[in-house]
Every structure is written in C-alpha cells, then in structure tokens.
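Breakdown of the fold
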Amino acid sequence: DANGGTLVSGKAKQTVEHGKTATAPVYEKVGYTLSWDKVFDNITEETTVTAVWTIKTYNVVFDANGGTLVRGKANQTVEHGKAATAPVYEKEGYTLSWEKTFNNITEDTIVTAVWTIKTYDVVFDGSGGVYVSGEVTQTIEYGKSAIAPVFRTPGLTLTWDRSFENIKSNTNVKANWVAKVEFIANGGSSVESS
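These notes cover the structure that comes with them. Chains are numbered independently. Their residues run from 1 in the order of the written sequence. Given that this is a predicted model, residues contribute local features only at a pLDDT of at least 70 and side-chain atom pairs are listed and counted only at 80 or more, while totals for whole chains, interfaces and linings are drawn from all residues. Values shown for side chains rest on all heavy atoms present in the structure; no hydrogens or waters enter the calculation.

**Looking at the layout of surface pockets**
Left-over empty space is what a probe sized like a water molecule reveals as it rolls over the atoms. In this analysis a 1.4 Å probe is tested at points of a 1 Å grid over the protein atoms alone, and where it fits but cannot get out there is a cavity; an open set with protein on both sides within 12 Å along at least five of seven lines is a pocket; lining residues have an atom within 4 Å of a point. Grid points are joined across faces, edges and corners, and a volume is the space filled by probe spheres set on the points. Taken as a whole, the largest pocket encloses approximately 590 Å³ of empty space. Contributing to the lining of the largest pocket are 23 residues, with Ala12, Lys13, Gln14, Ala22 and Thr47 lying nearest its centre. Classification used: nonpolar for Ala, Val, Leu, Ile, Met, Phe, Trp, Tyr, Cys and Pro, charged for Asp, Glu, Lys and Arg, polar for all others including Gly. The residue inventory of the lining of the largest pocket, partitioned by class, reads ten nonpolar, seven polar and six charged.

Structure, rendered in structure tokens:
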C-alpha cells in the first residue's frame, strides 16, 4: 500500500512462497522518507504492507554576517516545504535584509544577512544669507559628516546652530549670523582679552 506515494519501480502486488521474503517496490513522495509498517521477510499469510511516510527535515542556519542576535534562533530545523523564521539581528547604523528567501525549505540551507548602511538627509538653511556654493541638501551615510555649503552676508559671521558631524538621524542645520564687533583702544591698553 503506497499510502499516498508514487510507484517508481517494482511490483505493488506480489505472490510469495510460504516463508519467503517479498521485495519492496520503490515508492517516492516528495519531501518524505519511506519506511514500512511491518516486516515482510517471512511471509506466512496474506499480508498488506503499508508505507509510512516521515516528513524530511532540514537544517537552516542564519549567518549574522557581523550583526548581533537580539531574539530568535540562528539554527533551526524546518520540515520540507515549510518556512524558517528569521531571527532578529541588529547592527548599528545598518538595515537588515537576507540574501535569499527561506519560505519553502527543501534542503539544508544557509541564509546570510545583508547589511545596508543607513542614510540620512542633512538640510542646511542659510537663514537669509546669500548662497554661494555647496549642497544645501545632502544624503549622508550613518556616522559620516556633512560638508557645510557656503553662505555669505556682508558684515556678519556665519555659525551653525548644531553639529553636522557623526550623523545618525535626519538633521536640519540653521545658520546663525553674528555681527562682528571690534573695540578700538584709541590709545588705551587692553586689560582683558575678551
């Protein structure tokens, strides 16, 4: 009895002399291994031998590729045709994807993490200054620095309201314009440097 399997070779029904052995036909069922529900090496009566199908299992290994496991299992045993469950990995400044799918496992599989560096927008606001050169909007990789564009306003000095080094989020940077003030001693001497 194939019990859902497909005959590949041999005979499903056989006539066997008393005390002799039947010859198992070859059956297959995708994703399963075959065994039999009883022995058939000493036939002494009419006998039905039924195929027993055991689903195959495979090892699935998730390779962190430099990431850190947060939760889930990196090594899993998955039944034929089933999906593995991706563990959660982190790597600061990167987003995670996987090099291959793992929703229909049919063999031992290694799935490697692919890390893509995050990028952020840095926008410079000249606050009324005259734009001269450089990029006002920049896309910066995680942890890298933006390069300030050049703005000018006659008689004023430019400072920025925040740092744009080591970028880890979208950032708006606004110009602060400071007037230059010069004190002239007109013959006097300075007592304090400020």
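Still more ground to cover, so stick around.
**Remarks on the side chain of Thr171**
The way it works is that DSSP assigns letters per residue, a run of H or I at least four long becomes a helix, a run of E at least two long becomes a strand, and they are numbered from the N terminus. With respect to the helices, strands and loops of the structure, Thr171 is situated in strand E16 (residues 171-179). Relative accessibility decides the category of a residue: with a 1.4 Å probe and only protein chains considered, values under 20% of the type maximum give buried, values over 50% give exposed, and everything between is partly exposed. According to the relative accessible area criterion, Thr171 is buried, its value standing at 11%. A distance of 2.8 Å separates the side chain of Thr171 from the backbone oxygen of Ser169, its partner in a polar contact. Here a residue-residue contact requires only that any non-hydrogen atoms of the pair lie within 4.5 Å. Contacts of Thr171, omitting those with residues within four sequence positions, involve Asp121, Val122, Val123 and Arg162. Any N or O atom pair separated by 3.5 Å or less is treated as a polar contact, with the protein-specific requirement of one donor-capable and one acceptor-capable atom, and with residues adjacent in sequence counted only for side-chain atom pairs.

**Brief notes about the sheet that holds strand E13 (residues 137-141)**
Two strands make a pair as long as DSSP finds a minimum of two bridges between them. Strand order across the open sheet formed by four strands is E13-E11-E16-E15, with mixed pairing between neighbours. At either end of the open sheet lies a strand with only one pairing partner, and these are E13 and strand E15 (156-160). Adjacent strand axes in the sheet meet at a mean angle of 30°, parallel and antiparallel pairs treated alike. Judged from the four bridges that link them, strand E11 (residues 119-125) and E16 form a sheet pairing that is parallel. Bridge pairing links Phe124 to Val173 in E16. For helices, the axis comes from a line fit to the C-alpha atoms of the stretch in contact; other axes are also lines fit to C-alpha atoms, and the angle between any two N-to-C directions lies between 0 and 180 degrees.

**Quick notes on the pattern of salt bridges**
Basic side-chain nitrogens of Lys or Arg form a salt bridge, by our definition, when they fall within 4 Å of a carboxyl oxygen of Asp or Glu. Counting across every chain of the model gives four salt bridges. Here Arg162 ties to Asp161 by a salt bridge, and the two come within 3.6 Å at their closest N and O atoms. Judged by its relative accessible area of 42%, Arg162 falls in the partly exposed class.

**Side note on the nonpolar core**
Formed by 13 residues in total, the largest nonpolar core has its most connected members in Val122, Phe124, Ala146, Trp160, Phe164, Ile167 and Val173. In this view, Val173 contacts Val122, Val123, Phe124, Asp125, Trp160, Asp161, Arg162 and Phe164; residues no more than four positions away in its chain are not counted. Think of a nonpolar core as a cluster: buried Ala, Val, Leu, Ile, Met, Phe, Trp, Tyr and Cys residues, connected wherever their side-chain atoms sit within 4.5 Å. Of all hydrophobic cores here, the second largest spans twelve residues; its members include Tyr58, Tyr89, Phe102 and Ala113.

**Some remarks on the environment of Phe183**
Within the secondary structure layout, Phe183 lies in the segment after E16. Sequence separation between Phe183 and Tyr58 is 125 residues; the distance between their C-alpha atoms is 81 Å.

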